[in-house]
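# Remarks on the overall topology
The lines below spell out each chain.
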Amino acid sequence: MSVHKVIKRVTTNTILSMKTKGEKVTMLTAYDFSTAKALDEAGIDVLLIGDSAANVFAGYETTLPITLDNMIYHASAVARGTKRALVLADLPFGEYQGTAEDAFKAAVRMMKESGVHALKLEGGIEIIDNIAKIINAGIPVCGHLGLTPQSINKFGTFSVRAQEDAEAQKLKADALALQAAGCFAVVLEKIPAKLAREVSQSLTIPTIGIGAGDGCDGQVLVVNDMLGFTKDFKPKFLRQYTNMYESVVEAASRYAADVKSGNYPNESEQY
Ligand code: KIV
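Residues numbered from 1 in each chain as written. Predicted model: local features only at pLDDT ≥ 70, side-chain atom pairs only at ≥ 80, totals over all residues. Heavy atoms only, no water.

### Details of the packing of helix α5 (residues 100–114) against helix α6 (residues 128–136)
Where α5 contacts α6, the axes come no closer than 9 Å and their chain directions differ by 45°. Accordingly, the angle class assigned to the pair α5 and α6 is oblique. The handedness of the crossing between α5 and α6 is right-handed. Within the contact between the two elements, α5 uses Ala100, Glu101, Ala103, Phe104 and Ala107 and α6 uses Asp129, Asn130, Lys133 and Ile134. Of the residues belonging to the contact of α5 with α6, the class tally is 5 nonpolar, 1 polar and 3 charged. (Axes fitted to C-alpha atoms, helices over the stretch in contact; angles between N-to-C directions. Helix = DSSP H or I, 4+ residues; strand = E, 2+ residues; numbered from the N terminus. Parallel < 35°, antiparallel > 145°, perpendicular 65-115°, else oblique. Left-handed = near helix turned anticlockwise from the far one by under 90°. Contact = heavy atoms within 4.5 Å. Nonpolar A, V, L, I, M, F, W, Y, C, P; charged D, E, K, R; others polar.)

### Quick notes on the site of the ligand
Near the ligand lie 13 residues; those nearest to it are Gly50, Asp51, Ser52, Asp90 and Lys120. At 3.2 Å, a side-chain N or O of Asp90 approaches an oxygen atom of the ligand. Here the ligand, which alone exposes 260 Å², has 96% of that area covered by the protein. Per-class residue counts for the shell around the ligand are 5 nonpolar, 4 polar and 4 charged. (Near = heavy atom within 4 Å. Polar contact = N/O pair within 3.5 Å; in protein donor to acceptor, adjacent residues only side chain to side chain. Areas by Shrake-Rupley, 256 points an atom, 1.4 Å probe, with all protein chains shown as cover.)

### With respect to the side chain of Ser200
Looking at the element boundaries, Ser200 is found in helix α9 (residues 193–202). Dropping the residues within four chain positions of it, Ser200 is found in contact with Lys19, Leu188, Thr207, Gly215, Cys216 and Asp217.

### Some remarks on the pairing of strand β6 (residues 185–189)
Of all the 5 residues making up β6, 5 are buried; the element is thus mostly covered by neighbouring parts of the structure. Alignment of β6 against strand β7 (residues 207–210), held across 4 bridges, turns out to be parallel. Along β7, the bridge assignment pairs Val187 with Ile208. This β-α-β element, β6 to α9 to β7, shows right-handed connectivity. (Buried < 20%, exposed > 50% of the residue type's maximum accessible area, 1.4 Å probe, protein only. Pairing = 2+ DSSP bridges. Right-handed = clockwise from strand over helix to strand, strands pointing away.)

### A short note on unusual backbone geometry
Note the cis peptide between Tyr264 and Pro265, where omega equals 0°. Secondary-structure assignment places Pro265 in the segment after α11 (244–261). With phi around 55°, Ala162 is a residue other than glycine that occupies positive phi space. Tracing the backbone shows Ala162 in the loop between α7 (152–155) and α8 (165–181). With relative accessibility at 4%, the residue Ala162 sits in the buried group.

### Re helix α1 (residues 12–21)
Of the positions making up α1, those classed as buried are Thr12, Ile15, Met18 and Lys19. Take α1 and look down its axis: the buried residues cluster within an arc of 115°, on one side only. Facing away from the buried side of α1 by more than 90 degrees, the exposed set consists of Asn13, Thr20 and Lys21. On its buried face, α1 sits against β1 (25–29), β2 (46–49), β3 (86–90) and α9. (Arc of directions from axis to C-beta.)

### So, the pairing of β1
Looking down a regular strand, the side chains alternate between one sheet face and the other. Across the 5 residues that make up β1, a large majority, 4, are buried. Direction of pairing for β1 relative to strand β8 (residues 218–221): parallel, over a ladder of 4 bridges. Looking across to β8, one finds that Met27 is bridged to Val220.

### Section: the confidence of the model for the protein
On average, residues of the protein score 97 in pLDDT, and 99% of them are at 70 or above. For the protein, per-element mean pLDDT is lowest for α7, which scores 97, and highest for strand β4 (residues 118–120), which scores 99. (pLDDT = per-residue confidence, 0-100.)

### Focus: the packing of aromatic side chains
Applying the stated criterion across every chain, the model contains 2 aromatic pairs. Above the face of the Phe155 ring, Arg161 is positioned so that its terminal group lies 4.0 Å from the ring centre. (Phe/Tyr/Trp six-rings, centres within 6.5 Å; stacked < 30°, edge-to-face > 60°. Lys NZ or Arg CZ within 6 Å of the ring centre and 35° of its normal.)

### Describing a nonpolar patch on the surface
A surface patch of nonpolar side chains, amounting to about 300 Å² of accessible area, comprises Phe229, Tyr245, Val248 and Val249. Mapping Val248 onto the fold places it in helix α11. (Patch = residues over 30% accessible without salt bridge, like charges linked within 9 Å, V, L, I, M, F, W, Y side chains within 5 Å. Salt bridge = Lys/Arg side-chain N within 4 Å of Asp/Glu carboxyl O.)

### Brief notes about the packing of α6 against α8
Across the interface, α6 lies against α8 with an axial gap of 9 Å and an inter-helix angle of 25°. As the angle between them shows, α6 and α8 are arranged roughly parallel. Between α6 and α8 lies a crossing whose hand is right-handed. Of the residues in α8, those touching α6 at Ile128, Ile131 and Ile135 are Ala177, Leu178 and Ala181. Class assignment of the residues belonging to the contact of α6 with α8 gives a composition of 6 nonpolar, no polar and no charged.

Shown next as structure tokens:
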């Protein structure tokens, strides 16, 4: 008899059935092997290799500079760190907004070279043919509407989206179009809670909110933010579960003091 516990992988079907059962979906971003392992052990349903790696990992102001090669590097590390979670990767800016053929090629590269299970693309009706081509090839896609950070230069601000009726109506139509194209979920970012609830109720696929209130079918946060590692980023929607920045400063300061004083390494810490 095997002593190894068999861990059942979360699939896109699991995510869909969670909506039917009224069970909330948990999603966090991850960019590296060690963090992915810890989040997987914590039972997070979906690990997203967000292109927010451009911000929190690489220090860029926007998500635009990150490349497909960069994303594949992060995504493959996360995929190797998980046994249970569904692993979802962003396609980066510029890789899927052109022709359907280009979008398809980028999607195939990500799937072949990283080992993730699904992809996330920002946008609605404008890119629906490209999304359909990727889904038709057997690659599950999660949509992303609202404050889509790859369009920050069009928006000009990181403030709440779809507060005006025209943008809210467009978002509702986009969500239905993504569902009709075969998306298995939609991320809703920084939109009014009332609108997010209405969209969630209009869909059979789950909505995953970030700054979109409690009417969504699940929630996602950037892991560095919820761990308190991004020191000065404190938007209203963010709940910090620990203060990792302070812990790291404190631990690194103690290490430095120990090395300087000759207290590290001690007898038991050498060969
Ligand atoms: O890139 C990212 O981290 C994301 C989440 C904010 C949803 O897209």
